[in-house]
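Reading the structure
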Amino acid sequence: MTVRRVAITGLGVVAPLGNSSQELFANLIAGRSGVQHLAGPEARGLRSPIGAPVTFDGSAHFPAPRLRMLDRVSQLALVAAGQAIVDARIDLPVERRERCGVFVGCSIGGAGTTDEGYHTLYAERSDRIQPYSVLNAMTSAPASWIGIDHGLSGPILTYSTACSSSAVALGEAARRIMFGDADIMLAGGAETPLVYGVLRAWEAMRTVAAEDPQNPSASCRPFARTRTGLVLGEGAAFAVLEEWDHAVARGAPIHGELSGYGLTSDVAHITRPTPTGQANAMQAALDSAGLEKGDVDYINAHGTGTLQNDAVETAAIKSVFGERAYAIPVSSTKSMHGHLLGAAGALEFVIAVMCLKCAAVPPTMHLDSPDPACDLDYVAGRARDGMAVRTVMSNSFAFGGTNAVLIVKAFDAR
Amino acid sequence: MSTLDTLMDILVRDYGVAREQVTSEATLATLGLDSLSLLELMFKIEDCYGVKIADDTPTDLVTVNDVVRYIDGLVARKAELRPAGAPDVPTGT
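Residues numbered from 1 in each chain as written. Chains lettered and ligands numbered in written order. Predicted model: local features only at pLDDT ≥ 70, side-chain atom pairs only at ≥ 80, totals over all residues.

1. A short note on the overall build of chain A
Counting secondary structure elements, chain A contains 13 helices and 14 strands. Based on the C-alpha atoms only, the size of chain A along its principal axes is roughly 60 × 55 × 40 Å. Expressed as a percentage of contacts within chain A between residues at least 6 apart in sequence, the contacts between residues at least 24 apart total 80%. (Helix = DSSP H or I, 4+ residues; strand = E, 2+ residues; numbered from the N terminus. Contact = placed C-beta atoms within 7 Å.)

Shown next, in the form of C-alpha cells:
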C-alpha cells in the first residue's frame, strides 16, 4: 500500500505569547515569557500562584447566546481552528467534507464549567446547575463544535492521553491521511486549566514550580539545576493537514510535511517516565519518517521543568542519538509558554513548523545553571538563527506513560 | 414594567434576540431558544421575580405569551402566600 504524504497547510494558535503563529514565534525567538503571577480568584490561597494565561475575550468572537454554550476551552479551540483554516486558504464547502475530519487532544475538557458547577453545588449549596453544564464540560466538545461549525463530516475524535493528547491527535490524523481514510484533517489541541480546582489539584501533586519572587516570569526552568517544576498554561493550537497531492493541486501554502509519528507506552508508573519508552517513541518516529539520526536539526523537547522529566528525557535523547545528541539543539519552549497539558503537543508542533519556516530555533530560557544530568545543547538563553532547519522532532510525554513524537520536514517537492 | 417588557429585556440581553422579534405570538423556537435555553430562562425568572419554580418545569411553553402567563401565574400564587403589607416588586435581573 502506498503511504500518502501529509502536507501542513494551515496553522492557528491562541496561546500565551500570541494569538497567531507569527506573534507567538516572534515572542519565543525574543525569549519573552508568558508566565506570570496570577492575582485573580482562580489563584486564591495557592502556594505558587503562577500560570501562563491567554489574552482572550470570548465576547469579541461569539455572540452572547453562543457563548453560553461554549466553555472557554471550546472558544479557544474554535478560534485557533478557524485561524488554521484561513491560513490554509481552503474553501471547505467545495471539498468532499465526508473526507474531512477533526482530531483534538484535550485532557480536562471544560474545566471552568466543571469548577463552576461544583461551586454551585457545594459552596452555594444550590441545585441550580446550568443546563448546558454537561455539554460545555465534556472533553469532546471542542472537536464536536469545530466539526459542526465547518460542516466536516468525516471522523471527529477526541484523544485524551494527558500531556501527549494533542500530539497523539496530530499523529493519528496524519495516519488517517497517510492510509487513505481522509484527505483533510483539522488537528490540534485545547486546554484551559487555569481554574481554581485544577490549579489546586496540580499543586497537591507537588509538581508545580515555585514562584520566583523576584521575577515570576522566570519560574519555569527546564533542564536547570534550580528547576522546581512545571507552570500550567492555557491555549489552543491547530493545523490543517492535507494529502500532499491535494494540497499541491489547489496551490495551497505548504508550510512543511508531517512525516514521522512514533507512539509508545511506558507501562511502568503512572507519573514516573522511562527513558526506554521515550526513546522507543523517538526511534519509531524516525523510522516512520524514513530518517536517520543525522537528519534531525532540532528537537523541541517535552522539557516540563520537573526534576523527573528533564533528566529522563535527556537520557532518552542520548540513547537514541548517541554522540550526535550533543550536536543537536534541544530546547524547551515551555520555559516561556508554560505547560498546556492536552494542548502542549499541538502548540509545540506549530512551533516546530515555524522553526522550518523561519530557519530559527527558540531558546530554553532561565537556564543559567544546568543540571549535571542535563548536558545537551539546550539553546540556553538566546535563540539561534541562520541555521539550516530542515527536520524537527517534537516530543510529548505524559502522565500515564503515553509517549508521542512527531517529526516535521521542510517543504520538499520531490 | 409589564411581565412582557421584563421578559423582552431578558431575551434581548441574554439571548441575543432582536427586540422587534419579541411579540406575544412569537414562538421560543423561532427566537432561537431550545429546551435547554428554556430551562436556563427559568433560573433567570426565579431570580427576577423571587419565585421558586418546581422541578417539573412545564414543557408546553411554546410562545412568548405562554411564558408571560406562566410567570404571572407564579407571581399570583406568590402573592397569595405573601403576608399582608410585604412589598411586591421584582428583585432585579
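2. Here we look at the domain arrangement of chain A
All names here are of chain A. According to the domain assignment, chain A consists of domain 1 (6-249) and domain 2 (260-409). Distance between the C-alpha centres of domain 1 and domain 2: 20 Å. On the domain 2 side, the residues contacting the 61 residues of domain 1 number 57 residues. Where the side of domain 1 that touches domain 2 is concerned, the elements lending two or more residues are β1 (6-14), α1 (21-29), α7 (165-178), β6 (184-191) and β7 (235-243). Broken down by class, the residue content of the side of domain 1 that touches domain 2 amounts to 34 nonpolar, 20 polar and 7 charged. (Domains from an automatic or database assignment. Nonpolar A, V, L, I, M, F, W, Y, C, P; charged D, E, K, R; others polar.)

3. Digging into the sheet that holds β1 of chain A
Two pairing modes exist for strands in a sheet, parallel and antiparallel, and in both the strands are linked by backbone hydrogen bonds. All names here are of chain A. The 10 strands lie next to each other as β5-β4-β6-β7-β1-β8-β14-β13-β9-β10, forming an open sheet whose pairing is mixed. Edge positions in the open sheet fall to β5 (156-159) and β10 (330-331), since each of these has one partner strand only. Two elements, β1 and β7, share 8 bridges in a ladder whose sense is antiparallel. Looking across to β7, one finds that valine 13 is bridged to alanine 237. (Pairing = 2+ DSSP bridges.)

4. Things to note about the nonpolar core
With 131 residues, the main nonpolar core has Ala80, Leu170, Ala239, Leu241, Val350 and Leu406 of chain A as its most contacted residues. With 11 residues, the single largest contributor to this core is helix α13 (residues 344-358) of chain A. Taken together, domain 1 (6-249) and domain 2 (260-409) of chain A each give at least three residues to this core, which thus spans both. For leucine 170 of chain A, the residues in contact, after removing those within four places along its chain, are Ala187, Gly188, Ala239, Leu258, Gly345, Ala346, Phe349 and Leu406 of chain A. Core analysis: the second largest hydrophobic core is formed by 14 residues, Leu7, Val17, Leu41 and Leu61 of chain B among them. (Core = buried A, V, L, I, M, F, W, Y, C linked by C-beta atoms within 7 Å. Buried ≥ 20, exposed ≤ 12 C-beta atoms within 10 Å, placed from the backbone.)

5. Observations concerning helix α6 (residues 141-150) of chain A
Residue and element names in this part refer to chain A. Among the 10 residues that make up α6, 7 are buried, leaving the element largely enclosed by the rest of the structure. Every buried residue belonging to α6 is among Ala141, Pro142, Ala143, Trp145, Ile146, Gly147 and His150, and all of these are buried. Looking one or two residues past α6, glycine 151 carries a phi angle of roughly 65°, positive in sign.

6. A short note on the packing of helix α1 (residues 3-15) of chain B against helix α3 (residues 64-81) of chain B
The axes of two packed helices give the description: the angle between them and the distance between them. Residue and element names in this part refer to chain B. With their axes 10 Å apart at the nearest point, α1 and α3 run at an angle of 120° to one another. Once α1 is placed against α3, the crossing between them reads as right-handed. On α3, the residues touching Thr3, Leu4 and Leu7 of α1 are Val64, Val67, Val68, Ile71 and Asp72. For the contact of α1 with α3, the per-class residue count stands at 6 nonpolar, 1 polar and 1 charged. (Axes fitted to C-alpha atoms, helices over the stretch in contact; angles between N-to-C directions. Left-handed = near helix turned anticlockwise from the far one by under 90°.)

7. Some details on the packing of α1 of chain A against α13 of chain A
Residue and element names in this part refer to chain A. Their axes nearest at 10 Å, the elements α1 and α13 cross at an angle of 80°. Considering the angle they form, α1 stands roughly perpendicular to α13. Between α1 and α13, the residues in contact are Ser21, Phe25 and Leu28 and Val350, Ile351, Met354 and Cys358, respectively. Of the residues that constitute the contact of α1 with α13, the class distribution is 6 nonpolar, 1 polar and no charged. (Parallel < 35°, antiparallel > 145°, perpendicular 65-115°, else oblique.)

8. Description of α13 of chain A
Residue and element names in this part refer to chain A. For α13, spanning 15 residues, the distance from its first C-alpha to its last is 21 Å, which sits close to the expected 21 Å at 1.5 Å a residue. Within α13, 13 of the 15 residues are buried, leaving the element largely enclosed by the surrounding structure. Phi for alanine 359, located one or two positions after α13, is positive at around 50°. (Expected span 1.5 Å × (residues − 1).)

9. Description of the confidence of the model for chain B
Residues of chain B with pLDDT of at least 70 account for 87%, and the chain-wide mean is 84. The least confident element of chain B is helix α2 (residues 35-49) of chain B, whose mean pLDDT is 87; the most confident is α1 of chain B, at 91. (pLDDT = per-residue confidence, 0-100.)

10. Side note on unusual backbone geometry
All names here are of chain A. The backbone of arginine 125 sits at a positive phi, close to 50°, despite the residue not being glycine. Assignment of secondary structure puts arginine 125 in the loop between α4 (111-123) and α5 (133-137). Residue arginine 125 is classed as exposed on the basis of its 7 C-beta neighbours within 10 Å. In the Ramachandran plot, valine 379 falls in the positive-phi region, its phi being about 55° despite a non-glycine side chain. The residue valine 379 is located in the loop between β11 (360-361) and β12 (384-385) in this model. When the 20 C-beta atoms within 10 Å are taken as the criterion, valine 379 is described as buried.

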